[in-house]
Amino acid sequence: MKVTVVGAGAVGASCAEYIAMKNFAAEVVLVDIKEGFAEGKAMDLMQTASLNGFDTKITGTTGDYSKTAGSKVAVITSGIPRKPGMTREELIGINAGIVKEVTANLVKHSPDVIIIVVSNPMDTMAYLVHKTSGLPKNKIIGMGGALDSARFKYRLAEALECPISDVDGMVIAAHSDTGMLPLMSKATRNGVPVTEFLDAEKQAYVEEETKVGGATLTKLLGTSAWYAPGAAVSVMVQSILCDHKKMIPCSLMLDGEYGQSDICLGVPAIIGANGVEKIVEIALTDAEKEKFETAAKAVREVNGDLKF
Ligand SMILES: NC(=O)C1=CN([C@@H]2O[C@H](COP(=O)(O)OP(=O)(O)OC[C@H]3O[C@@H](n4cnc5c(N)ncnc54)[C@H](O)[C@@H]3O)[C@@H](O)[C@H]2O)C=CC1
Ligand SMILES: O=C([O-])CC(=O)C(=O)O
């Protein structure tokens, strides 16, 4: 099956690389606006095929969306990343126009496509795609929770001084420095709640470092991260193409779930061949519910800046 990745920059190329390396897609089409850039990235990646042992065909195009026709999944990574000191929300002015235009082009050539939104501010960009694409809500999925949960597990393993494969955990709510909600109450080490091993101070440290995970990397790198974002996208694309029905926290249009409507926020969902197959409602503590509501309020304010 064909997967399109729009934006052949840091994140887009990482998405293409991980998807190809896992060898589950027939073709990945990279699209960029910069002349020759997607073609060059595709050629470079294809020259890793014999070294890395994959058969996925990667092609690139400068803005010719006819090459994306018939895509099962399209990933939108086009737009600007933040620089140190910026918030994701500050990117809305430039990225909203790009995401809206790219969405229209994708849907024109692949009317049945499932769109994964990556460009920031992601929860608001996912909302924009819902409002402008005409696609049903099961076909629009924002990527944030998969990445934030991976960062949560990284920080949990660091605090527990254990391998990352020992820990499990999930981050829901908003993909923002203040709106992420790492679910400490549900995180486990081999089935045992991590709260049995970590004192309140360590729990608070893990939660805070998880929430500012993207900002920490942006400060170190001078631009935002790409390896873990690309890997997170590849897991979501694989769950769709292979109908794995994995439970992944994603930014989805809510219609009463978690007490919210007409907003995209990170919640656990079953991701399969139909895109979002089910939103999973889990019991939150009162404190978690309050944080979820605060995050929703902040995302609504950013959504208010959109012009359709
Ligand atoms: N949701 C998430 O968890 C994450 C989101 N991001 C976001 O992903 C976006 C991309 O980040 P990077 O890849 O690091 O940036 P980048 O600057 O390396 O790549 C962006 C690419 O988009 C292209 N582009 C711009 N306008 C376009 C258009 N109209 N059509 C096609 N291509 C276009 C640019 O030419 C560039 O190659 C940013 O908005 C960033 O904040 C990044 C990491 C994680
Ligand atoms: O931090 C950023 O701006 C990019 C992003 O969303 C992330 O890496 O989580």
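Residues numbered from 1 in each chain as written. Chains lettered and ligands numbered in written order. Predicted model: local features only at pLDDT ≥ 70, side-chain atom pairs only at ≥ 80, totals over all residues. Heavy atoms only, no water.

Asks: Can you lay out the overall build of the chain for me, pointing to particular residues and giving the numbers?
Replies: Looking only at helices and strands, the chain has ten helices and 14 strands in total. The C-alpha atoms of the chain give 18 Å as radius of gyration, which agrees with the globular expectation for 308 residues (19 Å, within 12%). The dimensions of the chain, computed from C-alpha atoms along their principal axes, are 55 × 45 × 35 Å. A burial count over the chain gives 53% of its 308 residues as buried. (Helix = DSSP H or I, 4+ residues; strand = E, 2+ residues; numbered from the N terminus. Rg over C-alpha atoms; globule rule 2.2 N^0.38 Å. Buried < 20%, exposed > 50% of the residue type's maximum accessible area, 1.4 Å probe, protein only.)

Asks: Account for the site of ligand 1, with residues named and values stated.
Replies: Around ligand 1, 27 residues are found, and the nearest of them are Val11, Asp32, Ile80, Asn120 and Met143. Take Gly79: an N or O atom from its main chain is 3.4 Å from an oxygen atom of ligand 1. Residue Met143 places a main-chain N or O atom 2.8 Å away from a nitrogen atom belonging to ligand 1. Compared with its free state, where it exposes 870 Å², ligand 1 has 89% of that area covered by protein. Elements supplying a minimum of two residues to the shell around ligand 1: α1 (10-22) and α4 (92-109). (Near = heavy atom within 4 Å. Polar contact = N/O pair within 3.5 Å; in protein donor to acceptor, adjacent residues only side chain to side chain. Areas by Shrake-Rupley, 256 points an atom, 1.4 Å probe, with all protein chains shown as cover.)

Asks: I'd like a rundown of the state of the cysteines, residues and numbers included.
Replies: Under the criterion given, the structure shown has zero disulfides. Cys15 carries a free sulfur, and the closest cysteine sulfur to it, the one in Cys250, is 14 Å from it. The class for Cys15 is buried, based on a relative accessible area of 0%. (Disulfide = S-S within 2.5 Å.)

Asks: Lay out the sheet that holds strand β7 (residues 167-168) in plain terms, naming residues and giving numbers.
Replies: With respect to topology, three strands assemble into an open sheet ordered β7-β10-β11, the strand pairing being antiparallel. Where the open sheet ends on each side, the last strands, each with one partner, are β7 and β11 (192-193). Here strand β10 (residues 188-189) pairs with β11 via two bridges, running antiparallel. Bridging across to β11, Thr188 finds its partner in Pro193. (Pairing = 2+ DSSP bridges.)

Asks: Provide a residue-level description of the site of ligand 2, including the pertinent values.
Replies: Within the structure, ligand 2 sits among Arg82, Arg88, Asn120, Leu147, Arg151, His175, Gly214, Thr218 and Ser224. Here an oxygen atom of ligand 2 and a side-chain polar atom of Arg88 are 2.8 Å apart. The protein chains hide 94% of the 260 Å² of surface that ligand 2 would expose on its own. Going through the elements one at a time, α6 (145-160) and α8 (213-221) are the ones with two or more residues in the shell around ligand 2. For the shell around ligand 2, the residue count by class is one nonpolar, five polar and three charged. (Nonpolar A, V, L, I, M, F, W, Y, C, P; charged D, E, K, R; others polar.)

Asks: So, the packing of α6 against helix α7 (residues 200-211): which residues are in play, and what are the values?
Replies: Describing two packed helices takes the angle between their axes plus the distance from one axis to the other. For the pair α6 and α7, the least separation of the axes is 9 Å and the interaxial angle reads 145°. Read as a crossing pair, α6 and α7 show a hand that is right-handed. Here Asp148, Arg151, Phe152, Arg155, Leu156, Glu158 and Ala159 of α6 come into contact with α7, specifically with Lys202, Tyr205, Val206, Glu209 and Thr210. Split into classes, the residues belonging to the contact of α6 with α7 amount to five nonpolar, one polar and six charged. (Axes fitted to C-alpha atoms, helices over the stretch in contact; angles between N-to-C directions. Left-handed = near helix turned anticlockwise from the far one by under 90°. Contact = heavy atoms within 4.5 Å.)

Asks: Lay out the packing of aromatic side chains in plain terms, naming residues and giving numbers.
Replies: Under the defined criterion, the tally for this structure stands at two aromatic pairs. For the ring pair Trp226 and Tyr227, a centre distance of 5.6 Å and an interplane angle of 50° mean the geometry is tilted. What makes Trp226 partly exposed here is its relative accessible area of 25%. A relative accessible area of 55% places Tyr227 in the exposed class. Lying across the ring of Phe37, Lys34 places its NZ or CZ 3.9 Å from the centre. (Phe/Tyr/Trp six-rings, centres within 6.5 Å; stacked < 30°, edge-to-face > 60°. Lys NZ or Arg CZ within 6 Å of the ring centre and 35° of its normal.)

Asks: I'd like a description of the packing of helix α5 (residues 122-133) against helix α10 (residues 286-303), backed by residues and values.
Replies: Between α5 and α10, the least distance of the axes is 9 Å, while the angle of their chain directions is 55°. The orientation of α5 with respect to α10, classified from their angle, is oblique. Both α5 and α10 take part in a crossing whose hand is right-handed. Where α5 approaches α10, its residues Asp123, Thr124 and Tyr127 are matched on the opposing element by Val299, Val302 and Asn303. Split by residue class, the contact of α5 with α10 holds three nonpolar, two polar and one charged. (Parallel < 35°, antiparallel > 145°, perpendicular 65-115°, else oblique.)

Asks: An account of the UniProt feature "domain: Lactate/malate dehydrogenase C-terminal" (unreviewed entry) in the chain is needed here, citing residue identities and associated values.
Replies: Feature annotation in UniProt assigns "domain: Lactate/malate dehydrogenase C-terminal" (unreviewed entry) to the following positions: residues 147-300. Helix and strand shares over residues 147-300 are 42% and 25% respectively, and the end C-alpha atoms of the span are 22 Å apart. (UniProt positions renumbered as here; feature names shortened; annotations may be inferred.)

Asks: For α1, give the residues involved together with the corresponding values.
Replies: Its 13 residues give α1 an end-to-end C-alpha distance of 19 Å, which sits within 8% of 18 Å, the value for a rise of 1.5 Å per residue. The complete set of buried residues in α1 reads Val11, Gly12, Ala13, Ser14, Cys15, Ala16, Ile19 and Ala20. Where the residues of α1 are buried, they touch β1 (2-6), β2 (27-32), α2 (37-46), β3 (57-62), β4 (73-76) and α9 (227-241). The first or second residue beyond α1 is Asn23, which carries a positive phi of 60°. (Expected span 1.5 Å × (residues − 1).)

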